[in-house]
Amino acid sequence: MPPLPRDYYGFFGFDRKLAIDSAALQKRFYELSRQWHPDRFGRKSAEEQEMALEATSILNDGYRTLKDPVKRAEYLLTQDGFPIAEQRGKDVPPELLEEVFELNMMLEEVKSGDESARPQLEQSRQHFLGLREGVDRELLREFQRHDESVEASPTSKQALQEIRGLLNRRRYIENLIRDVERALNPVTPSRPAPG
Amino acid sequence: MAYSDKVLDHYNNPRNVGSFDKSDPRVGTGMVGAPECGDVMKLQVKVNQETGIIEDAKFKTFGCGSAIASSSLATEWLRGKTVDQALEIKNTDIVNELSLPPVKIHCSVLAEDAIKAAITDYKKKQGVLTPEAVAVH
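Nothing here was measured: the structure is a model prediction, and the numbers come from that model. (Residues numbered from 1 in each chain as written. Chains lettered and ligands numbered in written order. Predicted model: local features only at pLDDT ≥ 70, side-chain atom pairs only at ≥ 80, totals over all residues. Heavy atoms only, no water.)

Engineer: Sorry, what's going on with the pattern of salt bridges here?
Structural biologist: Side-chain pairing between opposite charges can occur once the charged atoms of the two side chains come close. Counted by the stated rule, this structure contains 25 salt bridges over all chains. Across the pair A:Arg16 and A:Glu151 runs a salt bridge, and its minimum N-O distance is 3.7 Å. In this pair, A:Arg16 is assigned in the loop between α1 (8-12) and α2 (22-35) and A:Glu151 in the loop between α6 (118-148) and α7 (154-184), connecting sequence segments 135 residues apart. By relative accessible area, which is 24% here, A:Arg16 ends up partly exposed. One salt bridge in this structure joins B:Lys6 and B:Glu97, with 3.5 Å as the shortest N-O distance. Separated by 91 residues along the polypeptide, B:Lys6 in helix α1 (residues 5-12) and B:Glu97 in helix α4 (residues 91-98) bring together distant segments of the chain. For B:Glu97, a relative accessible area of 30% puts it in the partly exposed group. Several salt bridges converge on common partners, so that one network encompasses A:Asp7, A:Arg16, A:Asp80 and A:Glu151. (Salt bridge = Lys/Arg side-chain N within 4 Å of Asp/Glu carboxyl O. Helix = DSSP H or I, 4+ residues; strand = E, 2+ residues; numbered from the N terminus. Buried < 20%, exposed > 50% of the residue type's maximum accessible area, 1.4 Å probe, protein only.)

In structure tokens form, the structure reads like this:
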């Protein structure tokens, strides 16, 4: 048997694009799941059984990564030499920092029992949700720019750089939303999303 | 991970917490943040415009103990220095003073960035923004 492709795109047989049709991805996931199902390897050699196990693990990790646009972009960026973590705070626009600071002041008030900041906090939550939507729209635009350009071309690299900045911003905003929601609903356990 | 005694001291008794009026021409404000961990740090200096000496410094940091300690220490060091001397404070000095472990070095980097941002803001207000002051950023 040929060695297993380690790369998620290669494993799924998908082009290295940032926009992926989720229905096609799911279909491919089911096909590959059947192909590598351990039951089909019950009578095979130990070596092949091990390979099937490994394939299932790559398959599951790969599906989890590729079906989520943010995780997918982070994966492709890291592979193409744009590791996310290596970026410093310079990409955070100053006005966002200002807002974050104000937000933290409010959070501190609410935590110390001052309920008057609560309505403002709810407003902040809406505001940051809106910011995240904006980032997501920009991300989709850059995904398209990347996918339409030639691989490793200046345009493609520029798009990846842009995406890295956006992903960092998104992560920042995501953390803020989490903090606000925690402060607004300190005892409510998180409910799983419907469906 | 255990914090060093000095970090704990600054964390439990932070020096110079507070803020100055941002619009005061003697005040320089630096606001920096780290997207990875959500830390945000505001550091302000109040400068004697005749001597160029930093007479007071204040900070407010939302972040981990090391980030709070780094900025607290920075305000202590800033007092009495000229604005140009302030720019010589390096994050490695903070790392050494507080015995920060490698995973917390970014907190000291944040503090250094905050100092530079505050001094740059002050210089901008004075209208003496030199190319060097821009370049250090």
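Engineer: Please clarify how the sheet that holds strand β3 (residues 53-62) of chain B should be interpreted in this entry.
Structural biologist: In sheet architecture, strand pairing relies on hydrogen bonds along the backbone and comes in two forms, parallel and antiparallel. The strand order β1-β2-β3 (chain B) describes an open sheet built from three strands, whose pairing is antiparallel. Either end of the sheet is taken by a strand with one partner, and the two such strands are β1 (27-34) and β3 of chain B. Averaged over all adjacent pairs, the angle separating strand axes in this sheet is 15°, with direction ignored. In the sheet, strand β2 (residues 39-48) of chain B pairs with β3(B) via nine bridges, with the strands oriented antiparallel. Each bridged residue has a counterpart across the sheet, and for B:Lys42 the counterpart in β3(B) is B:Lys60. Seen against the sheet, helix α5 (residues 94-111) of chain A touches β1, β2 and β3 of chain B and runs at an angle of roughly 70° to β3(B). (Pairing = 2+ DSSP bridges. Axes fitted to C-alpha atoms, helices over the stretch in contact; angles between N-to-C directions. Contact = heavy atoms within 4.5 Å.)

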